[in-house]
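Residues per chain are reported as follows:
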There are 2 protein chains.
Amino acid sequence: MVSNSSDQKIIDSWEKNVDPWVLAVRGREIQSRVLATNPAIVDEVLAGEPKAVLDIGCGEGWLVRELAAAGVDTLGIDAIPALIASAEKAGGGRFKVLSIEDLSSHALGETFDTLVCNFSLLGKESVDQLFQLAPSLLNEGGSMIVQTVHPTAGGDERYEDAWREESWAGFIREFNNPAPWYFRTLESWVALLSSTGLKLVSLREPRHPETGRPVSIIFRSIKVSEPVDTHR
Amino acid sequence: MVSNSSDQKIIDSWEKNVDPWVLAVRGREIQSRVLATNPAIVDEVLAGEPKAVLDIGCGEGWLVRELAAAGVDTLGIDAIPALIASAEKAGGGRFKVLSIEDLSSHALGETFDTLVCNFSLLGKESVDQLFQLAPSLLNEGGSMIVQTVHPTAGGDERYEDAWREESWAGFIREFNNPAPWYFRTLESWVALLSSTGLKLVSLREPRHPETGRPVSIIFRSIKVSEPVDTHR
């Protein structure tokens, strides 16, 4: 059950937008994804040479399929049943309907070398919850990789953590309902990542190949051993 | 001796600009500093409750004086003799002429709880060198704190690591010679910080109090114990 009302609105909105979304992704209609952010996230995940990956918010499944084709055992989860249905129809990976709220290593019965969240961390409480949970889903030395819209690259909106609405402007086909998402500043993302106990090791900024401007940001954090207290 | 020609140009330019710079700082003429970045860096340093601080590129000494007044033993170093002379004239702290190129714990005979670099990391090779050196200057659990112009908050220049020129536009009084400085992307700053072995724990974005836009970025990294390999 999703308890927070704005996190619930995200799910409601996406449930109404499954069909145009699947078409937009599979038709390669989202320029920034095709030109920059898709190859960037694939490279980032594969750079760690993981054996087992969890794609959190996998949508219609493109990334799961691509990683599986590269030989990585990949499970994709998403809260939207119709998206998982479309993913399973296309095949090429393992898929499961599961929301972040219901996620745990117990619910899945497995842990992973890499957790990847590709533009899927849209909520507020659910994202806070996921970050607390993440270390328990990871093997030692494993990575959590998050790609999100670049917090500071352009835009006139006030620079503070707040709910925003995705207007779907710039998409070719029609979407219903503005989809809410929770904007976080760069400072807030780093604080959240630090709070997990994971170690932030890199931050990449995929650029638009024509403008050279950053379109997204990719954080990589790793699960490291706790240092031993030498005074014990 | 400074070997790299562009890092040398930075020093040459600053040597010519000591007088207007000292007047601008002490006359509280630099709006972003007065309104945002000065209080931000003081707060960030004091938050760690350090006993001994090294201000790298301390200029005319304002930050050393402010920290010393708060009870922190602070040493300020700068490559420009005329700036150190003006700092010593104003007093209120310990000062020494020393460039990053000549810096080492051996050269100073002491180590520190905190290294602070307030808009002072302008060069290329010198900065790379400082980051390699930093852990040897820090006590266990110590912090390296760097404030720099926000890499991605506005600006039309191409988003890539490259030499730029400080035009001094917006300053009330006259400066000579454009001062070169080496711009790094956010990605490059984080990679550099990671390469030191220090752990990046927070990233702050001081905002202009009227526009709400970020004016600078402050990185804090700490020196932590190495984890023990449990398989040994």
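All residue numbers here refer to positions counted from 1 along the written sequence of the relevant chain. Whichever chain is written first is A, and whichever ligand is written first is 1; the rest continue in order. Selection of residues for local features in this predicted model requires a pLDDT of at least 70, selection of side-chain atom pairs for listing and counting requires 80 or more, and totals for whole chains, interfaces and linings are taken over all residues. Only heavy atoms go into the side-chain values, all of them from the structure, while hydrogens and water stay out.

Colleague: An account of the overall build of chain A is needed here, citing residue identities and associated values.
Modeller: Each helix and strand counted, chain A has eight helices and nine strands in total. Contacts between residues were defined by any pair of non-hydrogen atoms, one from each residue, lying within 4.5 Å. Once local pairs closer than 6 in sequence are excluded, the contacts in chain A between residues at least 24 apart make up 64%. Computed by Shrake-Rupley with a 1.4 Å probe, the accessible areas treat only the displayed protein chains as cover when residues are assessed. With the model as given, the accessible surface of chain A reaches about 10,400 Å², and the carbon-plus-sulfur share is 50%. In this text, helices come from DSSP runs of H or I with a minimum length of four residues, and strands from runs of E with a minimum of two, each type numbered from the N-terminal end.

Colleague: Pulling in residues and values, what's your account of helix H7 (residues 125-137) of chain A?
Modeller: Residues and elements named next belong to chain A. Along its 13 residues, H7 runs 18 Å from first to last C-alpha, staying within 8% of the 18 Å computed at 1.5 Å per residue. At Phe 131, H7 shows its maximal kink, close to 30 degrees; a proline, Pro 135, follows between one and four residues later. Buried within H7 we find Ser 126, Val 127, Leu 130, Phe 131, Leu 133, Ala 134, Pro 135 and Leu 137. What a helix is expected to span follows from its residue count: subtract one and scale by 1.5 Å. The angle separating two fitted axes, one through the seven residues that finish at a residue and one through the seven that start at it, defines the bend at that residue. Each residue is placed in one exposure class: buried if its accessible area under a 1.4 Å probe, protein chains only, is under 20% of its type's maximum, exposed if it is over 50%, and partly exposed if it falls in between.

Colleague: So, the relation of the copies chain B and chain A: which residues are in play, and what are the values?
Modeller: We place the copies in one frame by least squares, fitting the C-alpha atoms of every residue whose pLDDT is at least 70 in both. Take chain B, turn it by 180 degrees, move it 0.0 Å along the axis, and it overlays chain A with an RMSD of 0.0 Å. Overall, the copies show the geometry of a two-fold rotation axis. Of all interface residues in chain B, 100% are interface residues in chain A too; the two copies therefore contact each other through one and the same surface.

Colleague: Tell me about the side chain of Arg 220 of chain A, residues and numbers included.
Modeller: Structurally, Arg 220 of chain A is set in strand E9 (residues 216-222). Residues within four places of Arg 220 of chain A in sequence aside, it is in contact with Glu 44, Val 45, Ala 47, Gly 48, Ser 143, Met 144, Ile 145, Lys 199, Leu 200, Val 201 and Ser 202 of chain A.

Colleague: Describe the pairing of strand E3 (residues 94-97) of chain B, and please don't skip the residues or the numbers.
Modeller: Residue and element names in this part refer to chain B. Strand direction decides the pairing type here: strand E2 (residues 73-78) and E3, joined by four bridges, are parallel. Within E3, the residue paired with Leu 75 across the bridge is Arg 94. Once you follow E2 into helix H5 (residues 81-90) and on to E3, the crossover reads as right-handed. We treat two strands as partners when DSSP finds at least two bridges between them. Place the viewer so that the strands point away; then a crossover is right-handed whenever the path from the first strand over the helix to the second strand goes clockwise.

Colleague: Any details on the interface of chain B and chain A? Residues and values, ideally.
Modeller: The interface is formed by 31 residues belonging to chain B together with 32 residues belonging to chain A. Residues Glu 187 of chain B and Arg 207 of chain A are paired through a salt bridge, measuring 3.5 Å at the closest nitrogen-oxygen approach. Pairs of N or O atoms are called polar contacts if they sit within 3.5 Å, as long as, within protein, a hydrogen donor faces a hydrogen acceptor (for residues adjacent in sequence, only side-chain-to-side-chain pairs). In this structure, the connection of chain B to chain A is made through 14 residue pairs in polar contact (both at pLDDT 80 or more). When residues of the side of chain B that touches chain A are traced back to their parent elements, those giving at least two are helix H8 (186-195) and strand E8 (199-204) of chain B. Here the nonpolar group is Ala, Val, Leu, Ile, Met, Phe, Trp, Tyr, Cys and Pro; Asp, Glu, Lys and Arg are the charged ones; every other residue, Gly included, is treated as polar. Its residues placed into classes, the side of chain B that touches chain A shows 11 nonpolar, 10 polar and 10 charged. The term salt bridge refers to a pairing of a side-chain nitrogen on Lys or Arg with a carboxyl oxygen on Asp or Glu at a separation within 4 Å.

Colleague: Describe in detail the packing of helix H7 (residues 125-137) of chain B against H8 of chain B, supporting the description with residues and values.
Modeller: All names here are of chain B. One can describe the packing of H7 onto H8 by two numbers: an axis separation of 8 Å at closest approach and a directional angle of 35 degrees. Contacts from Val 127, Asp 128, Phe 131 and Gln 132 in H7 reach Trp 189, Leu 192, Leu 193 and Ser 195 in H8. Taken together, the residues of the contact of H7 with H8 break down into five nonpolar, two polar and one charged. Fitted lines through C-alpha atoms give the axes, limited to the stretch in contact for helices. The angle between two N-to-C directions lies from 0 to 180 degrees.

Colleague: Can you break down the sheet that holds strand E8 (residues 199-204) of chain A residue by residue, with the values?
Modeller: The strands that make up a sheet pair up through hydrogen bonds in the backbone, lying either parallel or antiparallel. Residue and element names in this part refer to chain A. Spatially, E3-E2-E1-E4-E5-E9-E8 is the arrangement adopted by the seven strands of the open sheet, whose pairing is mixed. Each edge of the sheet is formed by a strand with only one pairing partner; in this case those strands are strand E3 (94-97) and E8. Across the sheet, the mean angle from the axis of one strand to that of its neighbour is 20 degrees, orientation sign disregarded. Here six bridges tie strand E4 (residues 112-118) to strand E5 (residues 138-149), and the two strands are oriented parallel to one another. Note on E5: the bridge partner recorded for Asn 118 is Gln 147. Each of strand E1 (52-56), strand E2 (73-78), E3 and E4 is contacted by helix H4 (residues 62-69), which is oriented at about 175 degrees to E2, the strand it contacts most. H7 rests against E1, E4 and E5 of the sheet, and its axis sits at about 145 degrees to E5.

Colleague: Account for the sheet that holds E3 of chain B, naming residues and giving values.
Modeller: All names here are of chain B. Strand order in the open sheet formed by seven strands is E3-E2-E1-E4-E5-E9-E8, and the pairing between neighbours is mixed. Edge positions in the sheet fall to E3 and E8, since each of these pairs with one other strand and no more. The average angle at which neighbouring strand axes cross in this sheet is 20 degrees, direction not considered. Strand direction decides the pairing type here: strand E5 (residues 138-149) and strand E9 (residues 216-222), joined by seven bridges, are antiparallel. Counterpart to Thr 148 in the pairing with E9 is Ile 217. Along the sheet, helix H4 (residues 62-69) makes contact with strand E1 (52-56), E2, E3 and strand E4 (112-118), crossing E2 at roughly 175 degrees. The strands touched by H7 are E1, E4 and E5; relative to E5, the strand with the most contacts, the crossing angle is about 145 degrees.

Colleague: Summarise the pattern of salt bridges; cite the residues concerned and give the values.
Modeller: Applying the stated criterion across every chain, the model contains 20 salt bridges over all chains. With a shortest N-O distance of 2.8 Å, Arg 204 of chain A and Glu 44 of chain A are connected by a salt bridge. Residue Arg 204 of chain A is found in strand E8, and its partner Glu 44 of chain A is found in helix H3 (residues 31-47); the two are separated by 160 residues along the sequence. Members of the salt-bridge network, linked through shared partners, are Glu 44, Arg 204, Arg 207 and Arg 220 of chain A together with Glu 187 of chain B.

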